[in-house]
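Given next are the chains, with one letter for each unit.
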Amino acid sequence: MSKIKRIGVLTSGGDCAGLNATISAVVEAATKKGWEVYGIKDGTEGITEKPHSYEVLTISNFSDSPWPRLSGSYLGSLNKGLRIESLEEVSKRFAIGVKELGLDAIIVIGGDGSMNIVSNMCKGSLVKIIGIPKTIDNDTPITEFSVGFQTAVQYCTTAIDSLELTARSHNRAMIVEVMGRDAGHLALHSALAGNADVCLIPEIPYNLDGIINKLKEIKRRGRNHAVIVVSEGLKTENGTPITSNKNMVGETIYGGIGQYLCDEISKRYNEFQFRVTTLGHLQRSGVPVAFDRLLASLFGANAVELLDKGEDNKMVIWKNGEVSYVSLPEVVKTGTTLVNVKGKYVSAAKELGMYIGEI
Ligand code: F6P
């Protein structure tokens, strides 16, 4: 048995479906061990800012409520990055906050960026940390799946299905822009599930002729419509990123590659009418699908179990069909998981005749 009396749980980074189910699993498992759970508000800010912002979460006030079934984050989350030069300063405030709140451990539900930042903050204090991976981008290292990804894939696939039907009515090629700033997992999984004709991801170079040739082939076969799925992080043919803005710490905000492709393709080929749909932040919401709820329950329970066994600086993962864990420094060292361009998903796309770029 550990000496833990009180833990904090927080969500950090862009939200996704399944966060509340994860928080709930943590609350249930920790409460059963007799620990108190502080739900920290707005990522780490509930600890670093004053007055500290938190809520005592119990089975009856949180897990028994409808919240675990809803998306968003009950606790609020931060997705605005952190200037590296301010990390030292924030870490000092974090250590003070942890002490003032009397936290023995923190469970961080976040992506790879959050794992890096919060594990660094923890170095200056005695608090233990366990990470739970979440992101619709599914690019958190080592784990095969993160909470939120499958719900986003479901959302994108449903959108592809709907767009395919209207495309049929109007002789159109629908371009669907999905999220995924560095990695194309979301685009690739939903393109495979939704039988898209073209899938373009940041990891694989492409050219406009390749896309047009695919569209011509579809026409030759007598089909009057097509669906093209594109990751927001895809660059132009010559490598220029299409971005709409920068956030307050200078990180790129993507958006617009779908329209760019639409403009460029329609200049050269007009056998289809082209239309663009950007799925945007809708991908981060919706009712969490069963697999995300399953991950939430397994990850939450296992994170608490790890703390109880005295573990620290670890992240729970899903690998080979079960829950396991790795060290957080290994997660940070490994960095963002990109699509394996030699892997089975890419080769299946090719086998199915999808144009996935010049590979
Ligand atoms: O990290 C997930 C993600 O959804 C990315 O795919 C996307 O680029 C980003 O968040 C958008 O974040 P926001 O608009 O909330 O800053």
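For every chain, the first residue of the written sequence is number 1, and numbering continues from 1 along that sequence. It should be noted that, the model being predicted, local features are given only for residues of pLDDT at least 70 and side-chain atom pairs only at 80 or more, the latter also being counted only at that level, while totals for whole chains, interfaces and linings use all residues. The side-chain values count all of the structure's non-hydrogen atoms but skip hydrogen atoms and water molecules.

### Observations concerning the packing of aromatic side chains
Any two of the Phe, Tyr and Trp rings considered here, Trp counted by its six-membered ring, make a pair once their centres fall within 6.5 Å; the pair's planes then place it as stacked at under 30 degrees, edge-to-face at over 60, or tilted in between. In total, this model carries seven aromatic pairs according to the counting rule given. When the ring of Tyr38 is compared with that of Tyr54, the centres are 4.3 Å apart and the planes differ by 10°; the resulting orientation is stacked. Taken together, the positions of Tyr38 in strand E2 (residues 36–40) and Tyr54 in strand E3 (residues 54–57) put the pair 16 residues apart, joining distant regions of the chain. Exposure is judged per residue with a 1.4 Å probe applied to protein chains only, and the accessible area is read against the type maximum: over 50% gives exposed, under 20% gives buried, and values in between give partly exposed. We classify Tyr38 as buried; its relative accessible area is 8%. Classification of Tyr54 by relative accessible area gives partly exposed; the value is 35%. On the numbers, 5.0 Å between centres and 55° between planes, the contact of Phe62 with Tyr74 is tilted. Note that Phe62 is positioned in helix H3 (residues 59–63) and Tyr74 in the loop between H3 and helix H4 (87–101), a separation of twelve residues in sequence. For Phe62, a relative accessible area of 0% puts it in the buried group. Following the ring pairs from residue to residue traces out a cluster consisting of Phe145, Phe149, Phe291 and Trp318. Strands here are runs of E lasting at least two residues and helices are runs of H or I lasting at least four, both read from the DSSP assignment and numbered beginning at the N terminus.

### A word on unusual backbone geometry
The residue after Lys50, namely Pro51, is reached through a cis peptide bond having omega -5°. Tracing the chain through its elements places Pro51 in the loop between helix H2 (45–48) and E3. Residue Asp42 is not a glycine yet carries a positive backbone phi of 55°. By the element assignment, Asp42 lies in the loop between E2 and H2. Of note, Asn171 is a non-glycine position whose phi angle comes to about 60°, a positive value. Residue placement: Asn171 occurs in the loop between helix H6 (149–170) and strand E6 (172–178).

### Considering the side chain of Glu264
Position of Glu264 among the secondary structure elements: in helix H9 (residues 257–268). Definition of a polar contact: a pair of N or O atoms within 3.5 Å, with one able to donate and the other able to accept a hydrogen when the atoms are protein atoms, and with sequence-neighbouring residues admitted only if both atoms are side-chain atoms. Engagement of the side chain of Glu264 in a polar contact is seen with the side chain of Lys267, the distance being 2.9 Å.

### Brief notes about the domain arrangement of the protein chain
An automatic or database domain assignment is the source of the domain bounds shown. Domain parsing of the protein chain yields domain 1 (6–147 + 288–319) and domain 2 (152–284 + 341–351). Every contact between the two is made by 15 residues of domain 1 and, on the other side, 16 residues of domain 2. In total, about 1200 Å² of surface goes out of reach between domain 1 and domain 2, with carbon and sulfur atoms giving 55% of it. In the sections that follow, a salt bridge refers to a side-chain nitrogen of Lys or Arg positioned within 4 Å of a carboxyl oxygen of Asp or Glu. Between Arg284 and Asp15 there is a salt bridge, with the nearest N and O atoms lying 3.0 Å from each other. Inspection of the domain 1/domain 2 interface yields two residue pairs in polar contact (both at pLDDT 80 or more). Partitioning the side of domain 1 that touches domain 2 into residue classes produces six nonpolar, four polar and five charged. Note on definitions: a residue-residue contact is assigned when non-hydrogen atoms from the two residues lie within 4.5 Å. Put simply, buried area is how much 1.4 Å-probe accessible surface two parts lose in total, over both of them, once they are put together. As a working rule, the residues Ala, Val, Leu, Ile, Met, Phe, Trp, Tyr, Cys and Pro are called nonpolar, Asp, Glu, Lys and Arg charged, and the rest polar, with Gly in that last group.

### Comments concerning the environment of Asp137
Relative to the assigned elements, Asp137 resides in the loop between strand E5 (128–133) and H6. Distance from Asp137 to Ala183, taken between C-alpha atoms, is 6.7 Å for residues 46 residues apart in sequence. Each residue touching Asp137, except ones within four places of it in the same chain, is listed here: Phe149, Met179, Gly180, Arg181 and His185.

### Re the pairing of strand E12 (residues 314–319)
Counting buried positions along E12 gives five out of six residues, so the element sits mostly inside the fold. Strands are labelled as partners when DSSP assigns at least two bridges between them. Both E5 and E12 contribute to a ladder of two bridges, which runs parallel. Opposite Ile130, over in E12, you have Lys314 as the bridge partner. Count of turn residues in the E12/strand E13 (residues 322–327) antiparallel hairpin: two residues, of which Asn320 carries a positive phi of about 50°.

### Observations regarding the packing of H6 against helix H7 (residues 185–193)
Geometry of a packed helix pair, given as the angle between the helix axes and the separation of the axes. One way to put it is that H6 packs onto H7 with a least axis distance of 9 Å and a crossing angle of 50°. When the axes of H6 and H7 are compared, the pair comes out oblique. You can see that H6 and H7 cross each other, and the crossing is right-handed. Residue-level contacts link Phe149, Ala152, Val153, Cys156, Thr157 and Ile160 of H6 to His185, Leu186, His189, Ser190, Ala191 and Ala193 of H7. Considered class by class, the residues forming the contact of H6 with H7 number eight nonpolar, four polar and no charged. All axes here are fitted lines through C-alpha atoms, helices being fitted over the stretch that makes contact, and every angle between N-to-C directions spans 0 to 180 degrees. Any angle that is under 35 degrees is reported as roughly parallel, and any over 145 degrees as roughly antiparallel; angles of 65 to 115 degrees are reported as roughly perpendicular and all others as oblique. Handedness of each helix crossing follows the sense of rotation of the near helix against the far helix: counterclockwise by less than a right angle gives left-handed, clockwise gives right-handed.

### Points about the sheet that holds strand E1 (residues 6–11)
Spatial strand order, E3-E2-E1-E4-E5-E12-E13: seven strands in an open sheet with mixed pairing. Whereas interior strands pair on both sides, the edge strands pair on one side only; in this sheet they are E3 and E13. Pairs of neighbouring strands in the sheet enclose a mean axial angle of 25°, with direction left out of account. When strand E4 (residues 105–110) meets E5, the two strands line up parallel, connected through six bridges. Bridging from a neighbouring strand, Ile106 pairs with Ile129 of E5.

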